Amino acid sequence: MIQTQNEAEFEFEWLLRQKYEFKILTLIAVLADNNLAYRGTLKDMCEFFGVKPGDSKNNNNIKAAIDKLEADGLLKQIKDGRTFTLTLSKKGEQRKRVISIQKEWVEIAKGYKSEDNSISWMNLLKVWLYLIDNKKEIIKTSEIAEELDLSTDSVKRAKKALERDIQAIISKRRTTTSANGGYRCLGSSITVKAWLDE
């Protein structure tokens, strides 16, 4: 598949990465040029992540995540003064289980705000990507939470945002009736809606 300028490609295994590691891979997927290279400062990265620039804790978390991704062979970094050039390595570019989305969907996740449904953009995006990739007819919130190493509350909030506010999914609860007349929830069937070239 040929990636267009409006698309970002995520490898499924990226969803299993720690917080800042996932954010760095997202940054590269969204902002990199055609050679999958991103060039910017820690301040630029903080602004993309929506965290306070210049904060030593944030800067240290970003640098540690870059080092971890490089140690794991997923990216290569070049530092020139305060500017980082981050590129996916050959291992990082391996195409096993690719999830392609419109880049604007990442911006939608990053910009999500709700007074009654607080969720980090990173967890929202992880659940969204997971649901796009999902092939199961019926899936439980607990399964998603376990696979992504998130709390069930985070997955519930992400699903609520995606269904109610962003209108990116349609979720239908699936139940079965027991012999005593009660019912048991089997999970949900989730249909992901896509906005193609609107």
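Keep in mind that what you see is a predicted model, and the values were worked out from it rather than measured. (Residues numbered from 1 in each chain as written. Predicted model: local features only at pLDDT ≥ 70, side-chain atom pairs only at ≥ 80, totals over all residues. Heavy atoms only, no water.)

Q: Help me understand the overall build of the chain in this model?
A: The secondary structure content of the chain amounts to 7 helices and 7 strands. Ordering the α and β elements of the chain from the N terminus gives β-α-β-α-α-β-β-β-α-α-α-α-β-β. In terms of overall dimensions, the chain is globule-like: its C-alpha atoms have a radius of gyration of 18 Å, near the 16 Å expected for 198 residues. With the C-alpha coordinates aligned to their principal axes, the bounding extent of the chain is approximately 70 × 40 × 35 Å. Per-residue burial for the chain yields a buried fraction of 46% across its 198 residues. (Helix = DSSP H or I, 4+ residues; strand = E, 2+ residues; numbered from the N terminus. Rg over C-alpha atoms; globule rule 2.2 N^0.38 Å. Buried < 20%, exposed > 50% of the residue type's maximum accessible area, 1.4 Å probe, protein only.)

Q: I would appreciate a short explanation of the sheet that holds strand S4 (residues 83-88) in the present structure.
A: The pairing of strands in a sheet comes from backbone hydrogen bonds and takes either a parallel or an antiparallel form. Taken together, the 3 strands give an open sheet; going across it, the order is S2-S4-S3, and neighbouring strands pair in antiparallel fashion. Where the open sheet ends on each side, the last strands, each with one partner, are strand S2 (37-41) and strand S3 (75-80). Neighbour-to-neighbour, the strand axes of the sheet open up by a mean angle of 20°, direction not taken into account. Sheet strands touched by helix H1 (residues 19-31): S2, S3 and S4. Its angle to S4, the strand with the most contacts, is close to 85°. (Pairing = 2+ DSSP bridges. Axes fitted to C-alpha atoms, helices over the stretch in contact; angles between N-to-C directions. Contact = heavy atoms within 4.5 Å.)

Q: Where do I start with the packing of aromatic side chains in this structure?
A: The relation between two aromatic rings is expressed through the spacing of the ring centres and the mutual angle of the planes. Enumeration over the complete set of coordinates arrives at 7 aromatic pairs. When the centroid spacing of 6.0 Å and the interplanar angle of 45° are considered together, the rings of Phe12 and Tyr130 count as tilted. Remark: Tyr130 occurs in helix H5 (residues 121-133) and Phe12 occurs in the loop between strand S1 (7-11) and H1; sequence separation between them is 118 residues. With respect to burial, Phe12 and Tyr130 carry one shared label: buried. An aromatic cluster is present here, built from Tyr20, Phe48, Phe49 and Trp121 joined pairwise through their rings. (Phe/Tyr/Trp six-rings, centres within 6.5 Å; stacked < 30°, edge-to-face > 60°.)

Q: Explanation requested: the nonpolar core in the structure shown.
A: Grouped together as the largest cluster of nonpolar side chains are 59 residues, with contacts concentrated most on Phe10, Ile24, Met45, Phe49 and Leu86. Looking at this core element by element, the count peaks at 9 residues for H5. (Core = buried A, V, L, I, M, F, W, Y, C linked by side-chain atoms within 4.5 Å.)

Q: Could you clarify how one ought to interpret the side chain of Arg17 in this entry?
A: Note that Arg17 resides in the loop between S1 and H1. The class for Arg17 is buried, based on a relative accessible area of 17%. In contact with Arg17, not counting residues within four places along its chain, are Phe22, Leu25, Lys68, Leu69, Asp72, Leu74 and Lys126.

Q: Explain the pattern of salt bridges to me, please; I cannot follow it from the model alone.
A: It is possible for side chains of opposite charge to pair when their charged atoms get near one another. One pass over the structure, following the stated rule, counts 10 salt bridges. With a shortest N-O distance of 3.1 Å, Asp72 and Lys68 are connected by a salt bridge. Among the residues examined, Asp72 registers a relative accessible area of 22% and is labelled partly exposed. The salt bridge involving Arg164 is made with Asp165; its shortest N-O contact spans 2.7 Å. One salt-bridge network, in which partners are shared between bridges, spans Arg17, Glu21, Lys68 and Asp72. (Salt bridge = Lys/Arg side-chain N within 4 Å of Asp/Glu carboxyl O.)

Q: Which parts of the structure should I look at to understand the pairing of strand S6 (residues 169-177)?
A: A regular strand places its side chains on the two faces of the sheet in alternate fashion. Of the pairings in the sheet, the one linking S6 to strand S7 (residues 183-192) comprises 9 bridges and is antiparallel in character. Across the sheet, Ser171 pairs through a bridge with Ile190, a residue of S7. Between S6 and S7, which pair antiparallel one after the other, the connecting turn spans 5 residues, and Gly181 there sits at a positive phi close to 90°.

Q: It is not clear to me how the packing of H1 against helix H3 (residues 56-71) should be interpreted in this structure. Could you clarify?
A: Between two packed helices, the angle of one axis relative to the other and the distance separating the axes together describe the packing. Direction vectors running N to C along H1 and H3 enclose 75°, while the axes themselves pass 8 Å from each other. Relative to H3, H1 is oriented roughly perpendicular. In this structure, H1 uses Tyr20, Glu21, Ile24 and Leu25 to contact H3, whose residues at the interface are Asn58, Asn61, Ile62, Ala65, Ile66, Lys68 and Leu69. Residue composition of the contact of H1 with H3, by class: 7 nonpolar, 2 polar and 2 charged. (Parallel < 35°, antiparallel > 145°, perpendicular 65-115°, else oblique. Nonpolar A, V, L, I, M, F, W, Y, C, P; charged D, E, K, R; others polar.)

Q: Would you mind showing me how to read H1 here?
A: The periodicity of an α-helix, 3.6 residues per turn, causes residues three or four positions apart to be oriented the same way. In this model H1 runs 18 Å from its N-terminal to its C-terminal C-alpha over 13 residues, within 8% of the 18 Å that 1.5 Å per residue would give. In terms of residue burial, H1 counts as a mostly covered element, since 11 of its 13 residues are buried. Along H1, the residues classified as buried are Tyr20, Glu21, Phe22, Lys23, Ile24, Leu25, Thr26, Leu27, Ile28, Ala29 and Val30. (Expected span 1.5 Å × (residues − 1).)

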